[in-house]
Amino acid sequence: MAQLPNNVVPTSYELDEEHALLHLAWSDDHASVYAYEQLRRACPCAWCAGEGNFAGTMTPETVLTPEQTILYELQMVGRYGLTPVWGDGHKTGIYTYERLRDLCDCDDCRQQRGQPARDAAATS
Ligand SMILES: [Zn+2]
Ligand SMILES: [Zn+2]
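Each chain carries its own residue numbering, running from 1 in the direction its sequence is written. Chains and ligands are labelled sequentially in the order written, the chains with letters from A and the ligands with numbers from 1. Predicted model: local features are reported for residues with pLDDT of at least 70 only, side-chain atom pairs are reported and counted for 80 or more only, and whole-chain, interface and lining totals are derived from all residues. Hydrogen atoms and water are omitted, and side-chain values are computed over all heavy atoms in the structure.

(A) How the structure looks around the pairing of strand E3 (residues 31-35). Both strand E2 (residues 21-26) and E3 contribute to a ladder of five bridges, which runs antiparallel. Residue pairing across strands places Ala 25 opposite Ala 31, the latter belonging to E3. Strands were regarded as paired on the criterion that DSSP finds at least two bridges between them. Numbering of helices and strands runs from the N terminus; a helix is a DSSP stretch of H or I covering at least four residues, while a strand is a stretch of E covering at least two.

Okay, here's the thing in C-alpha cells:
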C-alpha cells in the first residue's frame, strides 16, 4: 500500500468516454489513468469485494454489463477518498487516495510494477 503525504490529493478529473478512460490529476503533478472496467472491478465496497463471510459478487469471471462499466462522475468522500458513480447506479465503493494510487495505470506506475507501457500493451 503506497503511503501518500497528507497533502497529496486529487485536484481534477476528466472522463474520456470515447476510450472509457478516467484521467485523474494530483496535487503532486502525477497524472493517473484508469480504464473504466479495471476501476469497476476493483470496487472495494462490501457488495463487490465482500466482507466477513460474504465473498463478494466481483470475481475475475464476473461478466460486466455495459452499464456497469460506464463512469458518470466522481464524488468526493471527506478528505480521503472518491466514489465513482456508475451507469447502473452503483455508488457504494469508496476508493481511498492510497488505493487510487495503487491502481494507477499510467506508464510510470506500470514501470514501477514491472509491467510494459500502456502503448506497448495495447499493440501487442
Ligand atoms: Zn461495489
Ligand atoms: Zn501513475
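So that's the structure; there's more coming.
(B) Region of the structure containing the coordination of the zinc ion (ligand 2). Keep in mind that water is not among the atoms, so a site may look incomplete; donors are the N, O and S atoms within 2.8 Å of the metal, or 3.2 Å for Na, K and Ca. Binding of the zinc ion (ligand 2) to the protein goes through His 30 (NE2), Cys 104 (SG), Cys 106 (SG) and Cys 109 (SG), at separations of 2.0 to 2.3 Å. Considering all four donor atoms around the zinc ion (ligand 2), the spread of angles at the metal, 104 to 120 degrees, places the coordination shape in the tetrahedral class. Here the donor residues of the zinc ion (ligand 2) share one chain and are spaced in sequence as H-x73-C-x1-C-x2-C. With His 30 in the loop between E2 and E3 and Cys 109 in helix H4 (residues 107-112), this residue pair connects regions lying 79 residues apart in the sequence. The burial state of His 30 is the same as that of Cys 109; both residues are buried. Here a site with four donors is tetrahedral if all angles are between 85 and 135 degrees, and a site with four or six donors is square planar or octahedral if opposite donors are over 155 degrees apart and the other angles are between 65 and 115; anything else gets the irregular label. Each residue is placed in one exposure class: buried if its accessible area under a 1.4 Å probe, protein chains only, is under 20% of its type's maximum, exposed if it is over 50%, and partly exposed if it falls in between.

(C) Molecular detail of the coordination of the zinc ion (ligand 1). Each protein donor to the zinc ion (ligand 1) is listed here as Cys 43 (SG), Cys 45 (SG), Cys 48 (SG) and His 90 (NE2); together their distances run 2.1 to 2.3 Å. What the four donor atoms of the zinc ion (ligand 1) show is an angle range of 100 to 116 degrees at the metal, which sorts the shape as tetrahedral. Mapping the donors of the zinc ion (ligand 1) onto the primary sequence yields the spacing C-x1-C-x2-C-x41-H.

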